[in-house]
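# Overview (structure and organization)
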Amino acid sequence: MKNGRAIRNHDAIVKQHQLSISPPAPGSLFWQLWNGCLDLAEQALESNFVQGIKGGNLNPLFYGVFKTNDLYFCVHGADAYLAASHRARHGVLADWLMAKQDGYEDYNAELLKFWNLANSHAVLPTPLTREYSKFEAQLANGARPGCEDAIYSLIGLLPNEYLWVWLAEQLTPYLSKHVYAHWIAANSNPDGAYAMGNYLEDYCREFAMDVDMAVDVYRTAMAFEVENFCQFNLMH
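Below you will find a few notes about this structure. Counting restarts for each chain, with residues numbered from 1 along the sequence as it is written. Given that this is a predicted model, residues contribute local features only at a pLDDT of at least 70 and side-chain atom pairs are listed and counted only at 80 or more, while totals for whole chains, interfaces and linings are drawn from all residues. Heavy atoms from the whole structure form the basis of all side-chain values; hydrogens and water molecules are not counted.

Residue types Ala, Val, Leu, Ile, Met, Phe, Trp, Tyr and Cys, when buried and joined through side-chain atoms within 4.5 Å, form a set referred to as a nonpolar core. Categorising residues by exposure relies on relative accessible area from a 1.4 Å probe, with only protein chains included: less than 20% of the type maximum marks a residue as buried, more than 50% marks it as exposed, and the intermediate range marks it as partly exposed. Formed by 84 residues in total, the largest nonpolar core has its most connected members in W96, Y152, L163 and F229. For this core, the element with the highest residue contribution is helix 8 (residues 151-170), accounting for 13 residues. Two residues form a contact once any of their heavy atoms are found within 4.5 Å. Look past the residues within four positions of L163 in its chain and what remains in contact with it is W34, A41, A44, L158, M222, E225, V226 and F229. Only DSSP runs of H or I with at least four residues qualify as helices, and only runs of E with at least two residues qualify as strands; both kinds are numbered from the N terminus onward.

The next subject is unusual backbone geometry. Glycine aside, a negative phi is what most residues show, and trans is what most peptide bonds show. Residue P173 is bonded to the preceding T172 through a cis peptide linkage, with omega at 5°. Along the chain, P173 falls in the loop between helix 8 and helix 9 (181-186). Its identity is not glycine, yet Q18 carries a phi of approximately 55°, on the positive side. Relative to the helices and strands, Q18 is located in the loop between helix 1 (10-17) and helix 2 (29-35). For N116, which is not glycine, the phi torsion reads 55° and is therefore positive. Checked against the element boundaries, N116 lands in the loop between helix 6 (91-114) and helix 7 (127-140). Overall, N116 belongs to the exposed group, its relative accessible area being 70%.

It is worth spelling out the pattern of salt bridges at this point. Basic side-chain nitrogens of Lys or Arg form a salt bridge, by our definition, when they fall within 4 Å of a carboxyl oxygen of Asp or Glu. Following the criterion strictly, the structure yields six salt bridges and no others. Taking the shortest distance from any N to any O, the salt bridge between K134 and E131 comes out at 3.7 Å. With K134 and E131 both in helix 7 and three residues apart, this pair spans about one turn of that helix. Owing to a relative accessible area of 40%, E131 belongs among the partly exposed residues under this scheme. Here R144 makes a salt bridge to D216, at a shortest N to O gap of 3.1 Å. Of this pair, R144 sits in the loop between helix 7 and helix 8 while D216 sits in helix 11 (residues 211-230), placing them 72 residues apart in sequence. Given a relative accessible area of 36%, D216 falls into the partly exposed group.

Moving on: the packing of helix 3 (residues 38-45) against helix 8. For the pair helix 3 and helix 8, interaxial distance at closest approach is 10 Å and the crossing angle is 55°. It follows from the interaxial angle that helix 3 and helix 8 lie oblique. Crossing hand, helix 3 versus helix 8: right-handed. Each of L38, A41, E42, A44 and L45 in helix 3 lies in contact with helix 8, whose residues at this interface are L163, W166, L167 and Q170. Polarity classes work like this: nonpolar for Ala, Val, Leu, Ile, Met, Phe, Trp, Tyr, Cys and Pro, charged for Asp, Glu, Lys and Arg, and polar for all others, with Gly in that last group. Classifying every residue of the contact of helix 3 with helix 8 gives seven nonpolar, one polar and one charged. Between the N-to-C directions of two axes lies an angle of 0 to 180 degrees, each axis being a line fitted to C-alpha atoms and, for a helix, fitted only over the stretch in contact. In these notes the angle categories are as follows: under 35 degrees is roughly parallel, over 145 is roughly antiparallel, 65 to 115 is roughly perpendicular, and the rest is oblique. Should the near helix be turned anticlockwise from the far one by less than a right angle, the crossing is left-handed, and should it be turned clockwise, the crossing is right-handed.

This paragraph deals with the side chain of N198. Among the structural elements, N198 can be located in helix 10 (residues 191-206). Once you skip the residues sitting within four places of it in the chain, N198 turns out to touch S20, I21, S22, P23 and P24.

Let us look at a negative patch on the surface. A surface patch of like charges, here negative, comprises D79, D102, E105 and D106. The greatest single-element share of the negative patch, amounting to three residues, is contributed by helix 6. For D102, a relative accessible area of 34% puts it in the partly exposed group. Distance thresholds for patches are 9 Å for like charges and 5 Å for nonpolar side chains (Val, Leu, Ile, Met, Phe, Trp, Tyr), applied to residues having over 30% relative accessible area and no salt bridge. Reported accessibility uses the Shrake-Rupley method at a 1.4 Å probe radius. Residues are deemed covered only where the shown protein chains occlude them. Here Asp and Glu are counted as negative and Lys and Arg as positive; His is not counted, and neither are the chain ends. Each charge is placed at NZ for Lys, CZ for Arg, CG for Asp and CD for Glu.

Below, the structure written as structure tokens:
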């Protein structure tokens with residue numbers, strides 16, 4: 001299953017605003033941020049969860065916990081991204097954030113139907129999911145000190161957008177017939193992450209950017225993403 005928290009309709013934004021889906025230029029902020037977190041990405045790759053995806057032997061109960069926690073995360077994030085889109089000082093940024101909100105709402109509906117849940121209140125999230133959700137909401141609402149600009153919400157999205165793609169690339173080739181092959185195949189397209197990275201360069205040319213703050217936001221979000229996988233290492 002494709003990363004449900006990734007922006008779903010990036011194709012429409014790319015087409016509307018004529019954004020590039022080529023890999024961002026070497027030395028761009030996109031790669032500075034990513035390369036500064038490769039140590040964390042490697043931890044995610046070596047986690048029992050991701051290795052179980054690769055081998056097709058991940059405990060289905062763990063996968064279920066992972067997906068239902070996604071539901072809690074996305075339900076609590078949808079309204080925050082709507083607020084963030086209203087604070088954006090650039091039309092393309094507003095469109096990215098609105099797309100995030102719309103994607104969360106669609107994903108929420110899909111998960112409720114798939115898991116046969118009446119509403120998200122049936123989900124008891126892990127402490128990690130609660131903390132990650134609070135962090136995302138802080139960024140989206142401009143409540144994190146120094147992150148009043150809505151661009152930091154986009155930066156906070158990038159680890160989720162690209163880490164899953166990178167993981168899928170590391171798991172290739174894979175056994176096409178095992179039960180989690182769809183996860184690898186569905187997360188192999190970097191176009192959305194690259195388009196966001198290229199847009200980030202355009203934004204930085206027009207507006208001031210606190211690079212140190214961007215690094216802090218990105219690494220914090222990456223740490224949450226990685227721990228989201230690694231939390232299953234201690235489960236049996």
